[in-house]
Amino acid sequence: MSVIKTLGTRQGLSFSSFLTLQAAVLSYKIFVGFSILWLSTFPFYGTIGGMETITLSPKQQEIQAFVEKYQDQLAPSKNPHIQYFFRLNQATVSIFSSGKVLFQGAKAAYYAGFFGHQVTKTSSSPASQNFALIGTDEVGNGSYFGGLAVVASFVTPGQHDFLRKLGVGDSKTLNDSKIRQLAPVLKEKIAHQARLLSPEKYNEVIASGYNAVSVKVALHNQAIYLLLQKVINPEKIVIDAFTSQQNYNKYLKQEKNHFPNPVSLIEKAEGKFLAVAVSSIIARDLFLENLENLSQELGYTLPSGAGSKSDQVASQILQAYGMAGLQHSAKLHFKNTEKAQKLLER
């Protein structure tokens, strides 16, 4: 005997009342089922139990770029409708087969920003950056193809409102089209110094004794040094931390150009200081431009990142140009080189 039938019998309900109760239960089941379907079908912005929730419908190319960027943080999901599931820092991201992307957690808006989702920002400058500041960041360090770009930018509090109105933020939260749109304006309006190490030069430097950390120390130091030569007097210099302060100082001793200003290495600085955010955007633009130029030279579309797609393209370049092709376009010490060689041997 079903629960509904038992309930109806015990309470002495008439047959018509029983049918009304049964219909109500069925409606509830349909409502719950529809609510779950609605969440994965329509854009939604809000909070559930104090947890921010955002759903977007980005283009397939943007979804693929997100998957490649955060592939190391993929996690299993029991939901058959979820194609990719990510456990990120203070957020989860679910990419459904339908093309919808669901962001949940305290930093949902941060990751949704990758697809152009705008986060409302206050107009006042935080006390932590309410002074003239040089901020630096690098792009390309995690990509097999393309060079390594490092930029140092000088930003004053008087420029903060202008930068926020432009939509300046960490380049990791902006899609490439937004980066390419912002970069020319920033290059014109903000004092900066950019250094781009081509893949070929990068491989030469690594072969000479530098490693992945010491080469970044050299580039950050050089960008700051050259920017300081422009009669700029910052109250603070911040580097988006890629190593410890002790390690940075150790490698810095090997460099020729030095300056008296103290340097602070701060984690996630691109989200805390607009000067670092500016450098992040300009550096990303330089890296993308270099990647495009190399793609045109070789006749292959070179992907960003260091995933399986990079392995496949690298094997094609190996077959067409030999190791000289990768020497010219990729960072050879990455494991992708070995993987590409194995693919070619099959």
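Everything below is about the structure printed above this text.
The sections below set out a description of the structure shown in this document. Just so it is clear, the model here is predicted, and its values are computed rather than measured. (Residues numbered from 1 in each chain as written. Predicted model: local features only at pLDDT ≥ 70, side-chain atom pairs only at ≥ 80, totals over all residues. Heavy atoms only, no water.)

1. Here we look at the overall build of the protein
Reasoning step 1: Within the protein, the secondary structure is distributed over 13 helices and ten strands.
Reasoning step 2: Out of the 346 residues in the protein, the part that is buried amounts to 46%.
Reasoning step 3: When contacts within the protein are restricted to residue pairs at least 6 apart in sequence, those whose partners lie at least 24 apart make up 68%.
Reasoning step 4: Summing over all exposed atoms, the protein offers an accessible surface of approximately 18,200 Å²; the carbon and sulfur share of this is 54%. (Helix = DSSP H or I, 4+ residues; strand = E, 2+ residues; numbered from the N terminus. Buried < 20%, exposed > 50% of the residue type's maximum accessible area, 1.4 Å probe, protein only. Contact = heavy atoms within 4.5 Å. Areas by Shrake-Rupley, 256 points an atom, 1.4 Å probe, with all protein chains shown as cover.)

2. Concerning the nonpolar core
Reasoning step 1: Of all hydrophobic cores here, the largest spans 43 residues; its most connected members are Phe-145 and Leu-186.
Reasoning step 2: Of all the elements, helix α10 (residues 274-298) adds the most residues to this core, at 14 residues.
Reasoning step 3: In this structure, Leu-148, Leu-197, Phe-242 and Leu-265 belong to the second largest nonpolar core, which totals 26 residues. (Core = buried A, V, L, I, M, F, W, Y, C linked by side-chain atoms within 4.5 Å.)

3. Considerations on helix α11 (residues 308-321)
Reasoning step 1: With 14 residues, α11 ought to run about 20 Å at 1.5 Å a step, and its terminal C-alpha atoms sit 20 Å apart, in line with that.
Reasoning step 2: Looking at α11, one finds that the buried residues are Ser-310, Asp-311, Val-313, Ala-314, Ser-315, Ile-317 and Leu-318.
Reasoning step 3: Where α11 is buried, its residues meet α10, α12 (323-329) and α13 (336-345). (Expected span 1.5 Å × (residues − 1).)

4. Some words on helix α8 (residues 214-228)
Reasoning step 1: Compared with an ideal rise of 1.5 Å per residue, which puts 15 residues at 21 Å, α8 spans 21 Å between its outermost C-alpha atoms and is within 8% of the ideal.
Reasoning step 2: Burial analysis of α8 places twelve of its 15 residues in the buried class, the great majority of the element.
Reasoning step 3: The complete set of buried residues in α8 reads Ser-214, Val-215, Lys-216, Val-217, Ala-218, Leu-219, His-220, Asn-221, Ala-223, Ile-224, Leu-227 and Leu-228.
Reasoning step 4: Buried residues in α8 make contact with β6 (133-139), β7 (148-155), β8 (191-197), α7 (199-207), β9 (236-240) and α9 (245-252).

5. With respect to the pattern of salt bridges
Reasoning step 1: The full count for this structure, using the stated rule, is six salt bridges.
Reasoning step 2: Arg-180 is the salt-bridge partner of Asp-285, the closest N and O atoms lying 2.5 Å from each other. In this pair, Asp-285 is assigned in helix α10 and Arg-180 in helix α6 (residues 176-189), connecting sequence segments 105 residues apart.
Reasoning step 3: By relative accessible area, which is 5% here, Asp-285 ends up buried.
Reasoning step 4: With a closest N to O distance of 3.5 Å, Glu-338 and Lys-342 form a salt bridge. You can see Glu-338 and its partner Lys-342 sitting in helix α13, four residues apart, about one turn around the helix.
Reasoning step 5: Glu-338 gets classed as partly exposed once you look at its relative accessible area, which sits at 45%. (Salt bridge = Lys/Arg side-chain N within 4 Å of Asp/Glu carboxyl O.)

6. Focus on the side chain of His-220
Reasoning step 1: Within the secondary structure, His-220 sits in helix α8.
Reasoning step 2: A distance of 2.7 Å separates the side chain of His-220 from the side chain of Thr-136, its partner in a polar contact.
Reasoning step 3: In contact with His-220, other than residues within four places in its own chain, are Thr-136, Asp-137, Glu-138, Val-150, Ile-239, Phe-242 and Tyr-248. (Polar contact = N/O pair within 3.5 Å; in protein donor to acceptor, adjacent residues only side chain to side chain.)

7. Some thoughts on the sheet that holds β8
Reasoning step 1: Reading across the sheet, the five strands line up as β8-β7-β6-β9-β10 and stay open at both edges, with mixed pairing between neighbours. Since the sheet does not close on itself, it has two edges, and those belong to β8 and β10 (264-266), each with one partner. For this sheet the average axis-to-axis angle between neighbouring strands, irrespective of direction, equals 20°.
Reasoning step 2: Of the pairings in the sheet, the one linking β6 to β7 comprises seven bridges and is antiparallel in character. Bridge pairing in β7 places Val-139 opposite Ala-149. (Pairing = 2+ DSSP bridges. Axes fitted to C-alpha atoms, helices over the stretch in contact; angles between N-to-C directions.)

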